[in-house]
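# Understanding the architecture of this molecule
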Amino acid sequence: MLVLVVVHGLTAVAAPVLVRWLGRQALYLCSLAPFAALGWGLAQTGRVDQGGAVTETYRWVDRLGLQIDLRLVTISWLMVLLVGGVGGLVLVYSVRYFPAGQDGLGRYAGVFVAFAGAMFGLVVSDNLLLLYVFWELTTVFSYLLIAQDPTRRSSRRSAMQALLVTTLGGLAMLGGFVLLGESAGTYRWSQIAEQPPSGPHLAAALTLVLLGALSKSAIFPFSFWLPAAMAAPTPVSAYLHAAAMVKAGVFLVALLGATVGGDQPWRPLLLTTGLITMLLGGWAALRQHDLKLLLAYGTVSQLGFLVAVFGGGTANSALAGAALLLAHALFKSTLFLVVGIIDVSTGTRDLRELTGLARRTPVLAVVAGLAAASMAGLPPFAGFVGKEAAFAAFLHGTGTADLVVLTVIAIGSTLTVAYTLRFLSGAFADKPGVPEVALREPATDWLVGPAILAVAGLGVGAAAAPLDTVLTPYSDTFPAVGSAYHLAVWHGFSGPLGLSVLVLLAGYALYRVGAPSGARLPFDGAAAYRRVMSGVDRLAVELTGATQRGSLPSYLGVILLVLVAGLGGILIGAVPWPENARAWDTSLQPVVGAGIVVAAVTAVRALRRLTAMILVGVSGYGVAVLFVLHGAPDLALTQFLVETATIAMMVLVLRRLPEKFSERPIRTSRVGRIALGVAVGVVAAAMTYVAVGGREAVPLSDAFPGEAVSFGGGKNIVNVILVDIRAWDTMGEISVLVVAATGVASLIFRRSAALARRRGVPVPADQPVTPGWLSAGAGGQSVILEVVTRLVFHTIVLFSIFLLFSGHNAPGGGFAGGLVAGLALAIRYLAGGPDELTAAAPVDAGWVLGAGLFVSVGTGVLAMFAGAQVLQSAVVDVHLPVLGEVHLVTSIFFDIGVYLVVVGLILDILRSLGAEIDRQGVPAP
Amino acid sequence: MSPNLTYVVVVGVLVAAGVTLLLERSLTRVLMGIVLLANGVNVSILAGGRFGGAPIVGTTPDGEMSDPLPQAMILTAIVITLGITAFLLALAYRSWRLVGNDEVQDDVEDRRIVTLAEQDAGPGGDEESDEDSDDEGTTGP
């Protein structure tokens, strides 16, 4: 069985390619997959007609109890025949339905076959979870099939509606399955059925499962999605909405009913909703003018009928249900296919416009007549056999409830007869006064599919006795009530026969009278659906509108308020405050601290950009001095360099921006900002105080000095931490730098020509790169500055390399070295402009960044290949001829990568914020 | 460990000044706010480590070294702040080129939704509008 599912899957994947090669003829090939399922099903007849089962089991997700348990029993055998047979015939029919070269035909074929495969899987699943998987697959594929024409809004909307309704039901069903499976300890239905479940959860579980089944089968109050789904191409309706998908719910009811049919609320729920649906659907069908919609409402009505009959829960009603299931699939898919032919041949489906088709397309009329006769329940068709059985099942019942059911079924069948006549006469009869529509004679081979299905309906009726034999093992799993009934066309003169005659006469009378126009259904599920959907939309708007205000300051404000309230609350309430504070470590600290404080506060009040920038820079240098005092030379070095680089960058940009900040006049918001700022500052200070004071554990780094020397091969512990102990952090950090540099470049360079400039290639080319050594830059630069810069440039770069290599044992390292080299480039740029920069670094910043990242990552990966951990470093002492003993630590290569990334970052910034901004000049205001 | 009150005050002032600037709309001020905030947080981390001599083996005896671990963290933070600064500067410049100032604008789409919420309206768009037109084949007459 799994093989067949896989065959369907492969065919579905191949279908688009096949359609591209062979055009619509490829659908013939595709139909082989469902036909294979049909053939396999027929071959298994001998194994299931005695009540046996065909089983397969494959392991899948053990922890979820999800296995691929496949099991073919009588009822699933029946469904396999329908799914395979109707599916194959509809695909063959589709070859003629779609015009040659139809857009999306490959997609259609693929999704159709995939749907057939999912449906096959669904009916042979024994594991409830697996069944759910296939169940939702059919939902998804049906969504794609209904929305076959995605350019039409009605298509999209009805597809979405069908998807939402059936998925909602499916989720409820999953809940029910889990309740069932967890209380039974297994998800295999055949095992659950052996020890029928009981207990308090059962009613809830069954209600949930039925919610899924009823929504899938378009039972009241979920009926509305099925008529809307008629936006689908007609072959899709013929398959999904007559034979396959809507039958999934009925199938589930039929499968589970044998075991849980006696438990609450199974029977009352099914009978009530089924009968209501039968009446409402039949009534609505009488009022339709669109043939396809007439059939759709008729299907709703019949599905209600089926659900009610299976819900009856006796052996006789189950037998009737199975027969009706088969009959309905055969006649309803035929009629849908006939409507498709009428639609394509005449261009309309409106029964008020069609006239004389019986004369003009006699074969089509005969095919439709055969199917309609089965639908109305004329002997000896399958529909008659099934309906007789249903009448008998409830006629010979015991309680008054059965009589009520019987009455409603009879009324529903009367409606069926009436809308069948409405369909036939509307589609085919001569109507005086109606002009004949143009007709393209349908090709004969187009009729093959519907004709086979229609004749099958006749054949099933004639072969009622063998059918009875095959189906009895299924119905025998239900409790027998009264004497056993057997399917047959002729039972002699009996109660059901009389009822059938009565129904036919009443139906004809109802057809003659016609449904009163203007009568509307009392309740339409579609309205509720729309109300719910627009309610969800409204809720989303309100929620989004309330939380997503679109203003950066207000977002930040909320975040910071939470910080103040949360942390502030904890600080005040829950922590002990340390009392061992000291004012300072060295008396220089408060002096520097005071400088920082003054600079920061003044920076906030500054009105000019440049002033603010310089003050921020001053506070930054102050922090660097704090680092020096604290005993952190590496930090201080880096901080000094970074502050300098930051100031250089800011000058580059701020020279373009207006001199003063644009001041906002609103005083209250400024007071609010300051208040929030002070509050956050107080909390941060208190946090520092409490956290530092509360520190009791021995610092992790106490062991670092020894480890740094023995494992890291370096004496500068901070550097060893960066390139060895916590190298992963550094790796992440340089990645961030590369990303930031890329972001800067893409914000400034927007066109491809501009990207060439990022590589240092001057565009346009008529501005030659300044030739020769020590030649002056063009424009108003200072010649002296430029010359001096060129003279010291190499020295600075050399110093940066010294910092890089000495960093392992003394202050320095990749960051500091890279920053120094970057500053050297910045000086060259400031002195001589973009040409000087290109002369100093004739490479694309992107290459430098990439090379840096590559070297760093490569070092780590090499360590891995060498059998060590990623980024582990090794110490190598080698003797070189000139240099003597060289103490080499492999992490130096990692640091070289860092160095390159930092240089690349600054080069990128200079090219972007410097050269490109210069080139773009001042825009017109 | 005993907290150093100088650090505590510096942290408080830097964070307060940083946040105040951060809440402004001018991107240049936001940027300076971030720089101040980052410095404040760095000092806060520094305060958590032991005070002492440079953590270089051979220069300072093991017991007298300042704690190197917070220093490595701060070093990383400093350089990342540099990257962020560059990025924000580019943003400010771009904003200035496009709209003539460097102020953070409210998100237009978000404002539209806020307006919709105030009008008690739905989101509109594809699935909501015009129930009646273009309904071919989905509902009865």
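Residues numbered from 1 in each chain as written. Chains lettered and ligands numbered in written order. Predicted model: local features only at pLDDT ≥ 70, side-chain atom pairs only at ≥ 80, totals over all residues. Heavy atoms only, no water.

### Some points on the nonpolar core
Core analysis: the biggest nonpolar cluster contains 195 residues, and Trp225, Tyr239 and Leu487 of chain A have the highest contact counts within it. Top element by residues in this core is helix H16 (residues 315-346) of chain A. It accounts for 20 residues. (Core = buried A, V, L, I, M, F, W, Y, C linked by side-chain atoms within 4.5 Å. Buried < 20%, exposed > 50% of the residue type's maximum accessible area, 1.4 Å probe, protein only. Helix = DSSP H or I, 4+ residues; strand = E, 2+ residues; numbered from the N terminus.)

### So, the interface of chain A and chain B
Taken together, the contact between chain A and chain B spans 134 residues of the former and 105 residues of the latter. Here chain A and chain B share three salt bridges between them. For arginine 695 of chain A, the salt bridge goes to aspartate 67 of chain B, with nearest N and O atoms at 3.6 Å. There are 26 residue pairs in polar contact (both at pLDDT 80 or more) connecting chain A and chain B. (Contact = heavy atoms within 4.5 Å. Salt bridge = Lys/Arg side-chain N within 4 Å of Asp/Glu carboxyl O. Polar contact = N/O pair within 3.5 Å; in protein donor to acceptor, adjacent residues only side chain to side chain.)

### Notes on the pattern of salt bridges
Counted by the stated rule, this structure contains 21 salt bridges over all chains. For aspartate 402 of chain A, the salt bridge is made with arginine 267 of chain A, and the minimal N-O distance between the two is 3.3 Å. Of this pair, aspartate 402 of chain A sits in helix H20 (residues 400-428) while arginine 267 of chain A sits in helix H14 (residues 266-285), placing them 135 residues apart in sequence. Take aspartate 402 of chain A: its relative accessible area is 10%, and that puts it in the buried class. Arginine 267 of chain A sits in the partly exposed class, given a relative accessible area of 27%. Its salt-bridge partner being aspartate 702 of chain A, residue arginine 50 of chain B comes within 3.3 Å of it at the nearest N-O pair.

### Looking at unusual backbone geometry
A negative phi holds for most residues other than glycine; trans holds for most peptide bonds. Residue and element names in this part refer to chain A. For the peptide bond that leads from phenylalanine 220 to proline 221, omega is 0°, which places it in the cis range. In this model, proline 379 is joined to proline 380 through a cis peptide bond whose omega is 0°. Within the element layout of this structure, proline 380 appears in the loop between helix H18 (362-376) and helix H19 (382-395). Despite not being glycine, alanine 218 shows a phi value in the positive range, around 60°. Position of alanine 218 among the secondary structure elements: in the loop between helix H10 (201-216) and helix H11 (225-228). For alanine 218, a relative accessible area of 0% corresponds to the buried category.

### A word on the confidence of the model for chain A
In the predicted model, chain A carries a mean pLDDT of 86, and the fraction of residues at 70 or more is 94%. A low-confidence stretch, residues 763-778 of chain A stays under pLDDT 50, and its non-local contacts, those more than four residues away or across chains, total 20 contacts. (pLDDT = per-residue confidence, 0-100.)

### Examining a nonpolar patch on the surface
Residue and element names in this part refer to chain A. Residues Val17, Trp21, Leu22, Leu29 and Leu32 make up a contiguous nonpolar surface patch of about 520 Å² in total accessible area. Ranked by residues supplied to the nonpolar patch, first place goes to helix H1 (residues 2-22) with three residues. Structurally, the position occupied by leucine 22 is in helix H1. (Patch = residues over 30% accessible without salt bridge, like charges linked within 9 Å, V, L, I, M, F, W, Y side chains within 5 Å. Areas by Shrake-Rupley, 256 points an atom, 1.4 Å probe, with all protein chains shown as cover.)

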